[in-house]
Amino acid sequence: MYKIFFKRFLDIVLSCIALLVLGIPMLIFAVIVRFDVGSPVLFGQKRIGKGNKEFKLWKYRSMTNERDANGVFLPDTERITRFGNFIRKSSIDELPSLLNILMGDMSIIGPRPLPTRYLKRYTEEQKRRHEVRPGLSSPSVVKGRNDQSWDAQFKGDVWYVDH
C-alpha cells in the first residue's frame, strides 16, 4: 500500500514544498549559471528509470560548450568552470531534478538513475534496481556514494527494492 499510493503522494508534497522553499535560491543559481556557463541553463541527460523507461534528468549546467578548431568539445576538465565545480561538489546542480520528481520520473529516495550507456553492463540482478522509481537520493549516497564499490552500490539498490 505504501509503495503504491503513499510514497508517490509524499514525493509530490515534499518536492512541491522544496520547490517553494528553494525557488528563489534556484532562480539565483540559474542566473549565475547563465552568466558563468552560458545558455541553456539546464542540462538534460538521458537516464534509465522505472521499468527500464528512458527519461531526461534535469540538472544545472556546469560546463561550457567550448570546442577546439575542429569543432570537437574540449575535455571536460577544460570546460568545467569554478562555479560549475562548486555546484557539482555541493550537489546544487541536482536541484532541477525536483521537477523530475513532480513529473513522476523519479522519487525522492530510490536508486540513483544512471546514464543509459550503463544498462547493457547490468547483470539480471542489478537490473532489478529499475523495478522502482529512481531517486534524487539513495541509500548508497547516505552510506558514502564514492566510498563504495560499484557492486556494493548495486547490492544496496536491490536491497532497497526488496525492502
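Quantities reported herein were computed from a predicted structural model and do not represent experimental measurements.

### Concerning the environment of Phe29
Examined against the element boundaries, Phe29 turns out to sit in helix α1 (residues 2-36). When the C-alpha atoms of Phe29 and Asp93 are compared, they prove to be 8.9 Å apart, with 64 residues separating the residues in sequence. Apart from residues no more than four positions distant in its own chain, Phe29 is found in contact with Tyr60, Phe83 and Ile92.

### With respect to the pattern of salt bridges
Using the criterion set out here, one finds 10 salt bridges in the structure. Where Lys59 meets Glu94, a salt bridge forms, and the shortest distance between an N and an O atom there is 3.5 Å. Of this pair, Lys59 sits in strand β2 (residues 54-60) while Glu94 sits in the loop between α3 (82-89) and α4 (97-103), placing them 35 residues apart in sequence. Both residues of the pair, Lys59 and Glu94, belong to the buried class. By relative accessible area, Glu94 is classed as buried at 11%. One salt-bridge network, in which partners are shared between bridges, spans Lys59, Asp93, Glu94 and Arg112.

### A closer look at the pairing of β2
On any regular strand, side chains alternate: one points to one face of the sheet, the next to the other face. In terms of strand pairing, strand β1 (residues 42-48) meets β2 through seven bridges, oriented antiparallel. Considered in β2, the bridge of Gly44 is made with Trp58.

### Description of the packing of aromatic side chains
All told, the structure shown has four aromatic pairs when counted by the stated rule. Between Phe83 and Phe86, the ring centres sit 6.1 Å apart and the planes meet at 40 degrees, which makes this aromatic pair tilted. Within this pair, Phe83 and its partner Phe86 are both found in helix α3, separated by three residues, close to a single helical turn. Taking the relative accessible area as the measure of exposure, Phe83 reaches 16% and is therefore buried. You can call Phe86 partly exposed: its relative accessible area is 44%. Measuring from ring centre to ring centre gives 5.1 Å for Tyr122 and Phe154, while their planes differ by 70 degrees; the resulting arrangement is edge-to-face. Here Tyr122 is found in the loop between β3 (107-109) and β4 (135-137), whereas its partner Phe154 is found in helix α6 (residues 150-162), with 32 residues between them in sequence. Neither Tyr122 nor Phe154 differs from the other in exposure class; each is buried.

### Notes on the side chain of Asn100
Structurally, the position occupied by Asn100 is in helix α4. A polar atom in the side chain of Asn100 sits 2.8 Å from the backbone oxygen of Lys56. Asn100 has contacts with Phe55, Lys56, Leu57, Trp58, Asp105 and Met106, leaving out every residue within four places of it along the chain.

Here is what the cut-offs are and how they apply
- Residues numbered from 1 in each chain as written.
- Predicted model: local features only at pLDDT ≥ 70, side-chain atom pairs only at ≥ 80, totals over all residues.
- Heavy atoms only, no water.
- Helix = DSSP H or I, 4+ residues; strand = E, 2+ residues; numbered from the N terminus.
- Contact = heavy atoms within 4.5 Å.
- Salt bridge = Lys/Arg side-chain N within 4 Å of Asp/Glu carboxyl O.
- Buried < 20%, exposed > 50% of the residue type's maximum accessible area, 1.4 Å probe, protein only.
- Pairing = 2+ DSSP bridges.
- Phe/Tyr/Trp six-rings, centres within 6.5 Å; stacked < 30°, edge-to-face > 60°.
- Polar contact = N/O pair within 3.5 Å; in protein donor to acceptor, adjacent residues only side chain to side chain.

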